Amino acid sequence: MDEQLARGQDPGPLAGVPVAVKDVILTKGVRTTCGSKLLANYIPPYDATAVVRLEQAGGVIIGKTNCDEFAMGSSTENSAFGPVRNPVAPDRVPGGSSGGLRSRGGARHCGSRARLRYRRLHPPAGLVLRSGGRHPTYGRVSRYGLTAFASSLDHIGPFSRSVKDSATLLRVIAGRDLRDSTSADAPVPDYNLPARRKRKRLEAWTAPRVSKRIDGRNRRPDSRGVDRLQSLGCQIREISLPSTDYAIACYYIICTARPALISPGTTELRYTFRSEMSDTLSDMYRNTRGEGFGAECKRRIMLGTYVLSSGYYDAYYLKAQKVRALVARDFANAFQEVDAIVAPVSPFPAFRLGEKVDDPLAMYLSDIYTITGSLAGIPCMSVPCGNTAEGLPVGMQILTRHFDETTMFRLADAFEQAQRG
């Protein structure tokens, strides 16, 4: 980069910026384990498109970060290589399946997210969340090189320590990719330009009704965040998103069905782990999968197999897809009246390691606010809005209409500046 500068060349918008990559995104020549024993020593032969674009923009890949196995989790406690601790409170989880990224609070990050849940506890690590503080519109960023979890829900986006950094990272990795048929052929604006406009240019915003499920410790910071928006001149009113009451059940039916379809054909035997406790080929496959997959992966594969099985497909999976369409319709109707929706990120602050491991339902319910945006495929991000009395950061999420990341960044930037001011 020094040589490029000496020659008068532009080294790129990320020149010299250290970037950590979540370990479900392929990096050529560097181990990509997906947090699983099955791929403990797998070295990919190519880079994901997002990684290629980061390096072309001058970013420096410094390593991979720990995550839940195949991104199946809500707390980064399901990795075969051990859990990740919250840097603010080491006895607590960092949140989401991307906990390794959250713990790397000093660097810019590029992470993937299949669910908005990745934003959920980002604030505990003091970062701008959901797609690095945000998850863009489905199709905005190529998924080529991202290990699939639930293809229609998977996203790649950046974690960063400021809205401006998140906007810069997204612009670098976004755009059409011929190697990914789901990537959108939509123009990618300079998201940082609107971020410098005066706050008075902000238009009308809305906040949904806060559910009774939210913990009292989170309620006060969330309320202060809404009050802050009002002080910026935003018009706050409640809206109705009736179908979101069914979103958590809908999400966990859809996101378990996909792994159930993929896993029987998985080819991990060609790459790294293979059970040695087998006498026959059938035993070898069975034992390899039994020894290689962790408990949460097995749970989701079994759930997915059940909802796709004969006699249950119509009752569960097909119905979940119909509910998903209703969730998307609710958001589309809401965005005809408002420019953005503000909502809580999590019903409670970061919980202690091991607190919910034996209660999968309680763990799944922690995603109740963040999975709705993923189901609808809309852009959303999380920004810190305050702390609990215990000093645990609390996040506020911002959701906007499809491909309107510009509005999302405008609101988030104004809010961030007001918080700092």
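1. Quick word on the packing of helix α4 (residues 163–173) against helix α13 (residues 405–420)
Each pair of packed helices can be summarised by the angle the axes make with each other and by the distance between the axes. Running from N to C, α4 and α13 cross one another at 160°; their axes reach a closest spacing of 9 Å. When the axis of α4 is compared with that of α13, the two are roughly antiparallel. Taking contact as the criterion, the partners of Val 163, Ser 166, Ala 167 and Leu 170 in α4 are, on α13, Glu 405, Phe 409, Ala 412, Asp 413 and Glu 416. Grouping the constituent residues of the contact of α4 with α13 by class yields five nonpolar, one polar and three charged.

2. Some points on the side chain of Asp 154
Inspection of the secondary structure assignment puts Asp 154 in the loop between β4 (128–135) and β5 (155–160). Lacking a salt bridge, the buried Asp 154 has Arg 143 as its closest oppositely charged neighbour, with an N-O distance of 4.4 Å. Among the polar contacts made by the side chain of Asp 154, one reaches the main-chain amide nitrogen of Phe 149 at a distance of 3.0 Å.

3. Some remarks on the packing of aromatic side chains
According to the stated counting rule, one finds eleven aromatic pairs in the structure shown. Look at Tyr 306 and Tyr 316: their rings are 5.8 Å apart centre to centre, the planes differ by 55°, and that puts the pair in the tilted class. Of the two residues, Tyr 306 is situated in helix α9 (residues 295–307) and Tyr 316 in helix α10 (residues 313–334); the sequence distance between them amounts to ten residues. Given a relative accessible area of 39%, Tyr 306 falls into the partly exposed group. One aromatic cluster in this structure is built from Tyr 251, Tyr 252 and Tyr 364. Above the plane of the ring of Phe 348 lies Lys 356, whose end atom (NZ or CZ) is 4.6 Å from the centre. One residue, Lys 356, lies across the ring of Phe 351, its end atom 5.4 Å from the ring centre.

4. Topic: the pattern of salt bridges
Taken as a whole and assessed by the stated rule, the structure comprises twelve salt bridges. When the shortest N-O distance is used, the salt bridge between Arg 171 and Asp 190 registers 3.5 Å. Here Arg 171 is found in helix α4, whereas its partner Asp 190 is found in the loop between α4 and α5 (192–195), with 19 residues between them in sequence. Classification of Arg 171 by relative accessible area gives partly exposed; the value is 41%. Residue Asp 190 is classed as partly exposed on the basis of its relative accessible area, which comes to 28%. Note that Arg 237 and Glu 337 form a salt bridge whose closest N and O atoms lie 3.0 Å from each other. Of the two residues, Arg 237 sits in the loop between α6 (216–231) and α7 (247–262) while Glu 337 sits in the loop between α10 and β6 (341–344), which places them 100 residues apart along the sequence. Judged by relative accessible area, Arg 237 falls into the partly exposed class, the value being 39%. With relative accessibility at 55%, the residue Glu 337 sits in the exposed group. Through salt bridges with shared partners, one network takes in Glu 296, Arg 299 and Arg 300.

5. Observations regarding helix α8 (residues 281–292)
When the terminal C-alpha atoms of α8 are compared, their 16 Å separation across twelve residues agrees well with the 16 Å that a helix rising 1.5 Å per residue should span. Among the residues making up α8, those that are buried are Met 284, Thr 288 and Gly 292. Angular distribution of buried residues about the axis of α8 spans 35°; they occupy a single face of the element.

6. Here we look at the environment of Val 21
Considering the arrangement of structural elements, one finds Val 21 in strand β1 (residues 18–22). As a C-alpha pair, Val 21 and Val 51 span 30 residues in sequence and 8.1 Å in three-dimensional space.

Rules of the game
- Residues numbered from 1 in each chain as written.
- Predicted model: local features only at pLDDT ≥ 70, side-chain atom pairs only at ≥ 80, totals over all residues.
- Heavy atoms only, no water.
- Axes fitted to C-alpha atoms, helices over the stretch in contact; angles between N-to-C directions.
- Helix = DSSP H or I, 4+ residues; strand = E, 2+ residues; numbered from the N terminus.
- Parallel < 35°, antiparallel > 145°, perpendicular 65-115°, else oblique.
- Contact = heavy atoms within 4.5 Å.
- Nonpolar A, V, L, I, M, F, W, Y, C, P; charged D, E, K, R; others polar.
- Buried < 20%, exposed > 50% of the residue type's maximum accessible area, 1.4 Å probe, protein only.
- Lys, Arg positive; Asp, Glu negative; His and termini not counted.
- Salt bridge = Lys/Arg side-chain N within 4 Å of Asp/Glu carboxyl O.
- Polar contact = N/O pair within 3.5 Å; in protein donor to acceptor, adjacent residues only side chain to side chain.
- Phe/Tyr/Trp six-rings, centres within 6.5 Å; stacked < 30°, edge-to-face > 60°.
- Lys NZ or Arg CZ within 6 Å of the ring centre and 35° of its normal.
- Expected span 1.5 Å × (residues − 1).
- Arc of directions from axis to C-beta.

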